[in-house]
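Tertiary structure, described
So you can see what is in the structure, the chains are spelled out below.
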Amino acid sequence: MCRLLAYLGSPVSLEHLLYKPEHSLIVQSYQPREMTSGVVNADGFGMGWYHTHKDTAPYIYKNTLPIWNDINLPHLSRYVESKCILGYVRSATLGQAVDFTNCQPFNHESWLFLHNGFIENFRQTLHRRIRSTLTPDFYDKIYGSTDSEHLFALLLSQSQIHKHRPPEYALRATLLGIAELAKRHQIKVLANIVLSDGKRLIASRFSIGSPNPSLYWIRDDLNFPNSVIIASEPLFPGNWNPCPENSIISVGEDCDIQIEQIY
């Protein structure tokens with residue numbers, strides 16, 4: 001199980017988001033409180049963010065080192081400022097390589113994608129089934145071996161098929177499709193997902209056959225005014241709200257929040 005966070009709101013430095021909170025993503029990498037499997041998140045990390053003023057593709061910084069061992073990140077974090085930031089520390093599923101192709105966030109055009117969870121026995125169960133449902137545009141754009149990247153490709157395929165629908169529809173269709181396959185194969189699936197185009201956040205807290213992984217949101221904290229933060233674990237004391245189980249959480253440009261049950 002990995003740990004993730006997503007920020008949307010007034011411009012903030014990576015340093016303020018990553019290093020200032022007492023239970024920051026960096027602390028969660030070596031001392032998580034709510035992980036249901038694994039002990040530490042030492043198998044790499046990634047950060048994604050968007051330019052504050054220009055409408056450009058997102059920027060990404062990844063490493064296969066534990067986040068606490070990256071000597072460049074503190075300096076980069078002092079420089080980077082953004083209205084939308086996604087971060088992730090990895091606890092690799094047994095058998096999956098610790099390399100750059102398997103580090104998140106994954107991206108396509110303006111979209112960034114994070115996944116915390118797993119598909120049980122992925123290579124033996126849903127690997128071929130997922131690939132068989134992908135549209136040609138995304139079948140060949142999987143470069144790593146993780147279930148997470150396959151879920152992203154499936155989500156992009158659903159977005160292409162339902163291109164006149166909002167991205168929440170594609171995420172819901174993806175999760176319901178995975179749920180059907182999981183029940184058929186009698187396996188567990190955990191799928192806390194965050195998707196962003198730099199202007200909004202779309203997240204899910206979802207599982208099949210297992211308790212939902214932890215996921216929280218907070219809006220307009222005194223230390224982060226005019227913002228919403230979504231995180232696997234609270235970063236600091238405050239009015240954190242658990243995301244409802246099996247739900248999709250949408251955060252708009254004005255930080256309005258809408259929550260919809262998947263089923």
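Residues numbered from 1 in each chain as written. Predicted model: local features only at pLDDT ≥ 70, side-chain atom pairs only at ≥ 80, totals over all residues. Heavy atoms only, no water.

The next subject is the pattern of salt bridges. Two side chains carrying opposite charge are able to pair once their charged atoms lie near each other. Counted according to the given criterion, the structure contains six salt bridges. Among the salt bridges present, the one from arginine 172 reaches glutamate 260, with a minimum N-O distance of 3.6 Å. In this pair, arginine 172 is assigned in helix α7 (residues 167-185) and glutamate 260 in strand β14 (residues 257-261), connecting sequence segments 88 residues apart. Residue glutamate 260 is classed as partly exposed on the basis of its relative accessible area, which comes to 45%. Aspartate 197 is the partner of arginine 200 in a salt bridge, and the nearest nitrogen-oxygen pair spans 3.0 Å. (Salt bridge = Lys/Arg side-chain N within 4 Å of Asp/Glu carboxyl O. Helix = DSSP H or I, 4+ residues; strand = E, 2+ residues; numbered from the N terminus. Buried < 20%, exposed > 50% of the residue type's maximum accessible area, 1.4 Å probe, protein only.)

A word on the packing of aromatic side chains. Per the stated rule, a full pass over the model turns up eight aromatic pairs. Taking the centre distance of 6.0 Å and the plane angle of 80° together, the rings of phenylalanine 206 and tyrosine 263 count as edge-to-face. With a gap of 57 residues between them, phenylalanine 206 in the loop between β8 (201-205) and β9 (207-208) and tyrosine 263 in the segment after β14 connect regions that are remote in the sequence. Residue phenylalanine 206 is classed as buried on the basis of its relative accessible area of 0%. What links up through ring pairs into an aromatic cluster is the set Tyr7, Phe224, Phe236 and Trp240. Above the plane of the ring of tyrosine 139 lies arginine 131, whose end atom (NZ or CZ) is 4.4 Å from the centre. (Phe/Tyr/Trp six-rings, centres within 6.5 Å; stacked < 30°, edge-to-face > 60°. Lys NZ or Arg CZ within 6 Å of the ring centre and 35° of its normal.)

What follows deals with the state of the cysteines. In total, this model carries zero disulfides according to the counting rule given. In this structure cysteine 2 is not part of a disulfide, and its nearest cysteine sulfur, from cysteine 103, lies 9.8 Å away. Classification of cysteine 2 by relative accessible area gives buried; the value is 5%. Residue classification places cysteine 103 among the buried residues on the basis of a relative accessible area of 0%. (Disulfide = S-S within 2.5 Å.)

Further remarks concern the sheet that holds strand β12 (residues 241-242). Here we have seven strands laid out as an open sheet, ordered β3-β2-β4-β1-β11-β10-β12, and antiparallel in their pairing. Each end of this open sheet is capped by a strand with a single partner; those strands are β3 (59-63) and β12. (Pairing = 2+ DSSP bridges.)

Such coordinate-based values are descriptive only and should not be taken to indicate function.
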